[in-house]
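Descriptive analysis of the structure
Below are the chains, spelled out letter by letter.
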Amino acid sequence: MAGTRALLMLENFIDGKFLPCDSYLDSYDPSTGEVYCRVPDSGKAEVAAAVAAARAAFPGWSAHSPQERSQVLLRLADLLEQSLEEFAVAESRDQGKTITLARTMDIPRSVQNFRFFASSILHHTSQCTQMDHAGCLHYTVREPVGIGVPPGVVNIVFGTGPRVGEALVSHPEVPVISFTGSQPTAERITQLSAPHCKKLSLELGGKNPAIIFEDANLEECVPTTVRSSFANQGEICLCTSRIFVQKSIYSEFLKKFVEATRMWKVGSPADPSASMGALISKAHLEKVRRYVKIARAEGARILCGEGVDRLSLPPGNRAGYFMLPTVITDIKDESRCMKEEIFGPVTCVVPFDSEEEVVKRANSVQYGLAATVWSSNVGRVHRVAKKLQSGLVWTNCWLIRELNLPFGGMKSSGVGREGAKDSYEFFTESKTITIKH
């Protein structure tokens, strides 16, 4: 049809070459609901080719010195930074987030990560001990497990979980698996990889609490908690979805929080004034909306957002997967909305009385990824942080990361940690060598 834009056709990247596939999947622009891209629907053959290429490249790449590999990562960071705007637009179109968020957070953070780990690999040390009575010296070396960047080092294979995902995680020559996603998918990965005793790093979901004590600075707490609840449409595993507020300030906080939430603009991802874009897919939008319906059916109150306020969108975005940030209250801790990961722009606000009570309630879910604590009492902050069953605890802030330190969750929120030391240890194998002299 005249004027119709050609679809973007993606290809797999295997052994340094872009390769077409026999079949393709439609990929939708979340902000318009229209197909904008076709993605390879890969399977076992493509996975086998990628693994073979990786194994062939492994001896040469792993023999490179840390300095040489560091230079490769630094070059990648430079190239990514040079094309920052192009990557930001592509990320927004693929995921639905605002271009502003991709431009100011996602792509710059990717550049930072490459540069951080390029430096980090230059500063690891090994262990060494002496046994004089036995005339022995013991030392450790770490050997790479995974691959890195000439042809065959990095391979990208597109497809669905049941086809390409299962083929990859069950392949006997894939020794380590690093996965970010849902807990049910992680269970399947664990089952398929178990016969091969693979190393797993699983970064899974969360049902993250914010605990707001009566001495919290609400001028900082309210805008930060709005952001922690609704950034990227709530589609961040670290987003706040349960807000516990001490009773003495509950009404005041709720009023200010709802007012601030209503100020968040939902609109076209290309709109610089938009705070939120579209959710990732139509199916996911429907899933998130179902949780709001569950809350309403249980007698909870929807204070703003879905079903309460009017969503106004430009004509070109009205078929997109948009939803207003939604605040729910008068809801029981036993509700599915308080127990299950929604992964959308929905948060629940409930009151609490005591420190002991709120810690118990915050810990009452299967997840333990992240938490935030708001208080000006330093002693309380330390006490509560220690008692929370959470891999990360932010106090009087949110989403400030230190890459030198471990990142990961407890309970059903994951297995393993990421970070300078933890990632180094995960992607290498430790070997002890004994020399008798």
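Every residue gets a number counted from 1 within its own chain, in the order that chain's sequence is written. With pLDDT at 70 or above as the cut-off, local features in this predicted model cover only qualifying residues; side-chain atom pairs require 80 or more to be listed or tallied, and sums for whole chains, interfaces and linings still use all residues. Side-chain measures here rest on the full set of heavy atoms in the structure, leaving out hydrogens and waters.

In the nomenclature of an unreviewed UniProt entry, the chain is known as Aldehyde dehydrogenase 8 family member A1 of Equus caballus.

The next thing to look at is the sheet that holds strand 1 (residues 8–9). Should DSSP find at least two bridges between two strands, the strands are taken to pair. Numbering of helices and strands starts at the N terminus; helices are DSSP runs of H or I of at least 4 residues and strands are runs of E of at least 2. Read from one edge to the other, the open sheet built from three strands follows the order 1-5-4, with strand pairing classed as mixed. Every other strand in the sheet has two partners, leaving strand 1 and strand 4 (24–29) as the edge strands with one partner each. Of the pairings in the sheet, the one linking strand 1 to strand 5 (residues 34–40) comprises two bridges and is parallel in character. Of the residues in strand 5, the one forming a bridge with Met9 is Arg38.

Two descriptors summarise a pair of aromatic rings, namely the distance from one centre to the other and the angle between the planes of the rings. Each aromatic pair joins two rings of Phe, Tyr and Trp (for Trp, the six-membered one) with centres within 6.5 Å, and gets the label stacked for planes under 30 degrees apart, edge-to-face for over 60, and tilted for any other angle. Within this structure, the stated rule accounts for seven aromatic pairs. Centroid distance Phe13 to Phe18: 4.9 Å. Interplanar angle 55°. Geometry classified as tilted. The class of Phe18 is exposed, set by a relative accessible area of 57%. A ring pair is formed by Phe116 and Phe117, whose centres lie 5.0 Å apart and whose planes are at 85°; its orientation type is edge-to-face. Linked through ring pairs, Phe230, Phe253, Phe257 and Trp264 together constitute an aromatic cluster. Buried, partly exposed and exposed residues are distinguished by accessible area as a fraction of the type maximum, computed with a 1.4 Å probe on protein chains only: under 20%, between the cut-offs, and over 50%, respectively.

The next point concerns the nonpolar core. Here, nonpolar core means buried Ala, Val, Leu, Ile, Met, Phe, Trp, Tyr and Cys residues that are tied together by side-chain atoms lying within 4.5 Å of each other. Among the nonpolar cores identified, the biggest contains 29 residues, and Ile211, Ile328 and Ile331 are the most heavily contacted of them. Elements supplying a minimum of two residues to this core: helix 9 (282–297), helix 10 (336–339), strand 14 (346–352), helix 11 (355–362) and strand 16 (370–374). Per-element tally for this core: the top contributor is helix 9, with five residues. Contacts of Ile328, omitting those with residues within four sequence positions, involve Ala295, Ala300, Arg301, Ile302, Val346, Thr347, Cys348 and Val349. In terms of nonpolar packing, the next biggest core, distinct from the first, is built from 27 residues, Ala210, Ala216, Cys221 and Cys304 among them. Contact between two residues is taken to exist if any of their heavy atoms lie within 4.5 Å; hydrogens are not considered.

Okay, the UniProt feature "domain: Aldehyde dehydrogenase" (unreviewed entry) in the chain next. UniProt positions are given in the numbering used here, feature names are shortened, and annotations may be inferred rather than shown by experiment. If you check UniProt for "domain: Aldehyde dehydrogenase" (unreviewed entry), the listed places come out as residues 24–147 and 148–433 in our numbering. Across residues 148–433, helical content stands at 33% and strand content at 20%; the span's end C-alpha atoms are separated by 25 Å.

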